[in-house]
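Okay, here's what each chain looks like letter by letter:
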Amino acid sequence: MAALLLLAAGCRQDMQNQPRMFPQRGSSMFADGRSVRPQVAHTVARGQLYENDYFYTGLMNGKEANFMPFPVTMQVLDRGQERFNVYCTPCHSRVGNGAGMIVERGYKPAANFHDPRHIDQPLSHYFYVMTNGYGAMPDYKAQILPQDRWAIAAYIRALQLSQNAKLSDVPSGVQVENLKTVAQQQGYPASDAGPWPMPATAVYGAPIIGTVAGAPALNPMPVAKSAAASAAKKQTTGKPPARP
Ligand code: HEC
């Protein structure tokens, strides 16, 4: 009897053979012949209400600005550090000096965040560059969520502080150790605390001439051809940048 029941149940195919729509396949169900329904005009899909422009673009009235769209906590910085180490260090290195492993293998030197030019940039510029790319750098819009792009921007500020701190930034009474001593104590050669030269394999391409109309600082500043050539020469033959 039980076997007969099983057999009978096995014969019912209603659920298995339901009519269903395949993406991009036509259908005679609707007048326009499409199986997929277009979004109804002026409606917002769940999770797509981009009401805070600055949070999603890094621009305030079309300009970059120097503040975070949400409060920075230690948790935000930790997240920023983790995402930075995943996505940015291959080119910018862990300390953000622009001499990462990909540059070592023959890529254009990535920005050194400790250059005064980058320290002076408004915070949302970092967000903007991650969102839209910049010169030789691809954009990371698809890989990194806006929330995380901001966390990374905040972490870049922390990195800048870590490499450019003055003795006066340290509370009095706190002992400051020499980097060489710290390296040796941790079992690294003292030379690890020395200059970190830009690898000779780094490629210095010609800067892109001209800017995209209406887009703030997407392309590196236009540089006259002769100036670009001598700048490139200076960079390849000049002193290596000091390791921060
Ligand atoms: C594949 C290598 C690569 C990766 C990965 C990369 N960058 Fe870059 N980045 C570059 C290069 C190269 C430049 C210099 C672009 C130029 O001058 O053409 C640059 C420049 C920059 C600049 C400076 C733009 C300016 O105003 O001069 C910022 C800020 C920046 N990157 C942030 C980031 C952040 C944040 C990440 C991680 C999400 C990241 N980059 C990942 C290669 C990279």
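Since the model is a prediction, treat every value here as computed from it, not as a measurement.

Parameters at a glance
Residues numbered from 1 in each chain as written. Predicted model: local features only at pLDDT ≥ 70, side-chain atom pairs only at ≥ 80, totals over all residues. Helix = DSSP H or I, 4+ residues; strand = E, 2+ residues; numbered from the N terminus. Expected span 1.5 Å × (residues − 1). Buried ≥ 20, exposed ≤ 12 C-beta atoms within 10 Å, placed from the backbone. Contact = placed C-beta atoms within 7 Å. Core = buried A, V, L, I, M, F, W, Y, C linked by C-beta atoms within 7 Å. Near = placed C-beta within 6 Å. Nonpolar A, V, L, I, M, F, W, Y, C, P; charged D, E, K, R; others polar. Axes fitted to C-alpha atoms, helices over the stretch in contact; angles between N-to-C directions. Parallel < 35°, antiparallel > 145°, perpendicular 65-115°, else oblique. Left-handed = near helix turned anticlockwise from the far one by under 90°.

1. A short note on helix α8 (residues 146-164)
So, point 1. Between the first and last C-alpha of α8 there are 27 Å, a value that for 19 residues agrees with the 27 Å anticipated at 1.5 Å per step.
So, point 2. Every buried residue of α8 is accounted for by Asp148, Arg149, Trp150, Ala151, Ile152, Ala153, Ala154, Tyr155, Ile156 and Leu159.
So, point 3. The inward-facing, buried residues of α8 abut α3 (74-87) and α7 (123-132).

2. What about unusual backbone geometry?
So, point 1. Of note, Asn61 is a non-glycine position whose phi angle comes to about 50 degrees, a positive value.
So, point 2. Mapped onto the elements of the fold, Asn61 is located in the loop between β1 (59-60) and β2 (63-64).
So, point 3. Take Asn61: there are 7 C-beta atoms within 10 Å of it, and that puts it in the exposed class.
So, point 4. The phi dihedral of Ser93 falls on the positive side, at around 70 degrees, and the residue is not glycine.
So, point 5. Structurally, Ser93 can be placed in the loop between α4 (89-92) and α5 (101-104).

3. Here we look at the nonpolar core
So, point 1. In this structure, Tyr126, Phe127, Met130, Ile152, Ala153, Tyr155 and Ile156 are the most contacted members of the largest nonpolar core, which totals 25 residues.
So, point 2. Only α7 and α8 provide two or more residues apiece to this core.
So, point 3. By residue number, the principal contributor to this core is α8, which donates 8 residues.
So, point 4. Other than its neighbours up to four places away in sequence, Phe127 contacts Gly58, Arg149, Trp150 and Ala153.

4. Quick notes on the site of the ligand
So, point 1. Not every one of the 21 residues close to the ligand is listed here, only the nearest: Cys88, Cys91, Ala110, Gly135 and Met137.
So, point 2. When contributions to the shell around the ligand are tallied by element, the ones reaching two or more residues are α4 and α7.
So, point 3. The residue inventory of the shell around the ligand, partitioned by class, reads 18 nonpolar, 2 polar and 1 charged.

5. Overview of the packing of α7 against α8
So, point 1. Taken N-terminus to C-terminus, the directions of α7 and α8 make an angle of 130 degrees; their axes are 9 Å apart at the nearest point. The angle between α7 and α8 falls in the class oblique. Both α7 and α8 take part in a crossing whose hand is right-handed. Facing α7, whose interface residues are Leu123, Tyr126, Phe127, Met130 and Thr131, α8 presents Arg149, Trp150, Ile152, Ala153, Ile156 and Arg157.
So, point 2. Its residues assigned to classes, the contact of α7 with α8 comprises 8 nonpolar, 1 polar and 2 charged.

6. Here we look at the environment of Val95
So, point 1. As for its position among the elements, Val95 is in the loop between α4 and α5.
So, point 2. A residue is classified by how many C-beta atoms lie within 10 Å of it, and Val95, with 18 of them, is partly exposed.
So, point 3. When the C-alpha atoms of Val95 and Ile156 are compared, they prove to be 9.2 Å apart, with 61 residues separating the residues in sequence.

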